[in-house]
Amino acid sequence: MTLYEQAKARYEALGIDVEAAMDKLAKAPVSLHCWQGDDVRGFDGDPNAPLTGGIQTTGNYPGRARTPDELMADLDMVMSLCPGTPKMNLHACYAIFEDGQWADRDKLEPKHFRKWVEFCKERDLGCDFNPTFFSHPKCDPLTLASPNEETRRFWIEHGKACIRISQYLAEELGQPCIMNIWTGDGFKDIPADRLGPRVRYKESMDEILSEPFDFDKVKPCVESKVFGIGVEAYTVGSAEYSLAYAAMNPGKCIPLMDNGHYHPTEVVSDKIPALLAFFPELALHITRPIRWDSDHVVLLDDETKEICKEIVRCGGLDGRVHMALDYFDASINRVAAWVVGFRNVQKALLMALLTPAADQKALQDKDNWTALMVAQEEMKTLPFGEIWNEYCRRCGKPEDGQWFQKVLDYEKEVQLKRV
Ligand code: RNT
Ligand code: ZN
């Protein structure tokens, strides 16, 4: 018996169908955020302009992607090292102006994403999309919540343009496009008017979503946040606000939770079933906050595992939960950062799929907390690594211990030559 066969037998003894778990995971899309590759700079403005909107990248590790070709090459490298089904996730600021004709964000068109469609088609990828409401001169600093009507109109037009682009991406690629609306709108210090900006944000969102789209193809989301750098006192799109907006707009807008966007003792794992009791679908940004929304690389930590358990046992892999990575670490090799996070989400999902969920639920329903504790604890020492490595082999991707040298070679041959 191989190590894999021995490991498989251990799981089978608990009634777990290991083959079915691997098959299910291999088909579940997880969005790969393009912005880890270039520190959220994009291609539509001055690459050295500051990142705004209350988010921040720190570190200046060499080798960031500076052009669409470099970013695409890095993404190819990442995808060659990750098992599973990735999906692209683009921000509007990654528009590619092929004819050299720059267009401002309110004038973006599907043609500015033609190259990305080509990239996705060649690799059989779906694509998610995000309007970019930050790092732009028209942030005053507010966008959709601005009291300045000209500013607000500009950003509404941007949102509408993004709906049209999302519809194009979905139609071209034959997979739904999750279009996430997040703005950093908020204030550094105590406001005198907390309602006005929220009413304006609502009106802006209503206008954006009045742009025609097919909800089977385009899934607009609204992402909440607690605070950002320089926006410490008040966030327009707070948790209650964003959730209420999605709840009031069924069939038009779904909630998106980013696990870096809550108070440190709140956990998104518990919020997933809370929302799924009401919402048919929800979206997630999977990240790792340290003390704040620091967007560190996702690790195989307890909360990542718990989030994935909830996704799996609530039926999230059957289309109810849309998963995306969201982090940006500029202090380490960016390709490795992407790969570690993507593989960790795959690992956490596989662990969740290898859990006898029905048996454990039955113990809970019978109030047998002693047996449930023993069962949950003993799962932790099963030979998971052998199943994981088999999953990687079946996906034609490197096992643990076999990919990092490839990143180091790529760094030497490609990334460090970007000077
Ligand atoms: C910021 C939000 C948002 C961004 C990306 C770039 O706090 O998490 O999702 O990270 O859109
Ligand atoms: Zn996010």
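As the structure is a computational prediction, the values presented were derived from the model and not from experiment. (Residues numbered from 1 in each chain as written. Chains lettered and ligands numbered in written order. Predicted model: local features only at pLDDT ≥ 70, side-chain atom pairs only at ≥ 80, totals over all residues. Heavy atoms only, no water.)

**Student:** Lay out the site of ligand 1 in plain terms, naming residues and giving numbers.
**Tutor:** What surrounds ligand 1 is the set W35, I55, H91, W182, E223, K225, D258, H261, H285, D293, D326 and F328. One of the side-chain N or O atoms of D293 is found 3.1 Å from an oxygen atom in ligand 1. The separation between an oxygen atom of ligand 1 and a polar side-chain atom of D326 is 2.8 Å. Isolated, ligand 1 exposes 310 Å² of accessible area, and the fraction of that covered by the protein chains is 99%. More than half of the atoms belonging to ligand 1 lie within 2 Å of the grid points that define the largest cavity. (Near = heavy atom within 4 Å. Polar contact = N/O pair within 3.5 Å; in protein donor to acceptor, adjacent residues only side chain to side chain. Areas by Shrake-Rupley, 256 points an atom, 1.4 Å probe, with all protein chains shown as cover. 1 Å grid on protein atoms, 1.4 Å probe; cavity = no way out; pocket = protein on both sides within 12 Å on 5 of 7 lines; lining within 4 Å. Sits in = over half its atoms within 2 Å of the grid points.)

**Student:** Tell me about empty space enclosed by the protein, and name the residues and values.
**Tutor:** All chains considered together, the criterion is met by three cavities of 30 Å³ or more. Its volume calculated, the largest cavity comes out at about 170 Å³. Lining of the largest cavity is provided by 18 residues; of these, H91, W182, E223, H285 and D326 occupy positions nearest its centre. Taken together, the residues that form the lining of the largest cavity break down as seven nonpolar, five polar and six charged. (Points joined across faces, edges and corners; volume = space filled by probe spheres on them. Nonpolar A, V, L, I, M, F, W, Y, C, P; charged D, E, K, R; others polar.)

**Student:** Give me unusual backbone geometry: which residues, what numbers.
**Tutor:** For the bond running from D140 to P141, omega is 5°, close enough to zero to count as cis. As for its position among the elements, P141 is in the loop between β3 (127–130) and α5 (149–173). If you check the backbone angles, D124 has positive phi at about 60° while not being a glycine. With phi around 65°, R291 is a residue other than glycine that occupies positive phi space. Residue position: R291 is located in the loop between β10 (288–290) and β11 (292–296). (Helix = DSSP H or I, 4+ residues; strand = E, 2+ residues; numbered from the N terminus.)

**Student:** Can you break down the coordination of the zinc ion (ligand 2) residue by residue, with the values?
**Tutor:** Each donor-metal-donor angle in an ideal tetrahedron of four donors is 109.5 degrees, and each such angle in an ideal octahedron of six donors is either 90 or 180 degrees. Within the protein, E223 (OE), D258 (OD), H285 (ND1) and D326 (OD) serve as the donor atoms for the zinc ion (ligand 2), at 2.1 to 2.2 Å. Coordination geometry of the zinc ion (ligand 2): the six donor atoms subtend angles of 72 to 174° at the metal centre, consistent with an arrangement described as octahedral. Taken in chain order, the donor set of the zinc ion (ligand 2) reads E-x34-D-x26-H-x40-D. Here D258, found in strand β8 (residues 254–258), pairs with D326, found in the loop between β12 (321–325) and α10 (334–353); they are 68 residues apart in sequence, far enough to count as distant. (Donors = N, O, S within 2.8 Å, 3.2 Å for Na, K, Ca; no water. Tetrahedral: all angles 85-135°; square planar, octahedral: opposite > 155°, others 65-115°.)

**Student:** Can you explain the pattern of salt bridges? Please cite residues and give values.
**Tutor:** Working definition: two side chains of opposite charge can pair if their charged atoms are close together. Per the stated rule, a full pass over the model turns up 38 salt bridges. Close ionic contact of K24 with D318 constitutes a salt bridge, the shortest N to O distance being 2.6 Å. Residue K24 is found in helix α2 (residues 18–27), and its partner D318 is found in the loop between α9 (302–313) and β12; the two are separated by 294 residues along the sequence. The exposure class of K24 is partly exposed, given its relative accessible area of 33%. Two residues, K347 and D400, come together in a salt bridge whose shortest N-O distance is 2.8 Å. Placement of the pair is K347 in helix α10 and D400 in the loop between α13 (384–394) and α14 (404–413), with a sequence separation of 53 residues. Judged by its relative accessible area of 33%, D400 is partly exposed. Through salt bridges with shared partners, a single ionic network connects K8, E12, E19, E390, R393, R394 and E399. (Salt bridge = Lys/Arg side-chain N within 4 Å of Asp/Glu carboxyl O. Buried < 20%, exposed > 50% of the residue type's maximum accessible area, 1.4 Å probe, protein only.)

**Student:** Which residues make up the nonpolar core, and what are the values?
**Tutor:** When a protein is soluble and globular, its nonpolar side chains tend to lie buried together. In this structure, M88, W116, L284, L349 and L350 are the most contacted members of the largest nonpolar core, which totals 126 residues. If sequence neighbours within four positions are ignored, L350 has contacts with A21, M22, L25, F384, I387, W388 and Y391. (Core = buried A, V, L, I, M, F, W, Y, C linked by side-chain atoms within 4.5 Å. Contact = heavy atoms within 4.5 Å.)

**Student:** Outline the pairing of strand β9 (residues 282–286), supporting the account with residue identities and numerical values.
**Tutor:** Along β9, five of the five residues are buried, which leaves the element largely enclosed by surrounding structure. Of the two faces of β9, the one holding L282, L284 and I286 and the one holding A283 and H285 are both buried throughout. Direction of pairing for β8 relative to β9: parallel, over a ladder of three bridges. Counterpart to L256 in the pairing with β9 is A283. After leaving β8, the chain enters helix α8 (residues 268–276) and then returns to the sheet as β9, a path that is right-handed. Where β9 and β12 come together, five bridges link them in parallel fashion. Considered in β12, the bridge of H285 is made with A324. (Pairing = 2+ DSSP bridges. Right-handed = clockwise from strand over helix to strand, strands pointing away.)

**Student:** Break down the packing of aromatic side chains for me, citing the residues and quoting the values.
**Tutor:** In total, this model carries ten aromatic pairs according to the counting rule given. A centroid spacing of 5.4 Å and a plane angle of 80° characterise the contact between F43 and Y94, whose relative ring orientation is edge-to-face. Placement of the pair is F43 in the loop between β1 (29–33) and α3 (68–80) and Y94 in the loop between β2 (85–91) and α4 (114–123), with a sequence separation of 51 residues. Aromatic pair F113 and F129: ring centres 4.9 Å apart, planes at 85°, arrangement edge-to-face. With F113 in the loop between β2 and α4 and F129 in strand β3, this residue pair connects regions lying 16 residues apart in the sequence. Taking the relative accessible area as the measure of exposure, F129 reaches 0% and is therefore buried. Ring pairs connect the aromatic residues F133, F154 and W155, which therefore count as one cluster. Over the ring of F215 we find K219, and its NZ or CZ is 4.2 Å from the ring centre. (Phe/Tyr/Trp six-rings, centres within 6.5 Å; stacked < 30°, edge-to-face > 60°. Lys NZ or Arg CZ within 6 Å of the ring centre and 35° of its normal.)

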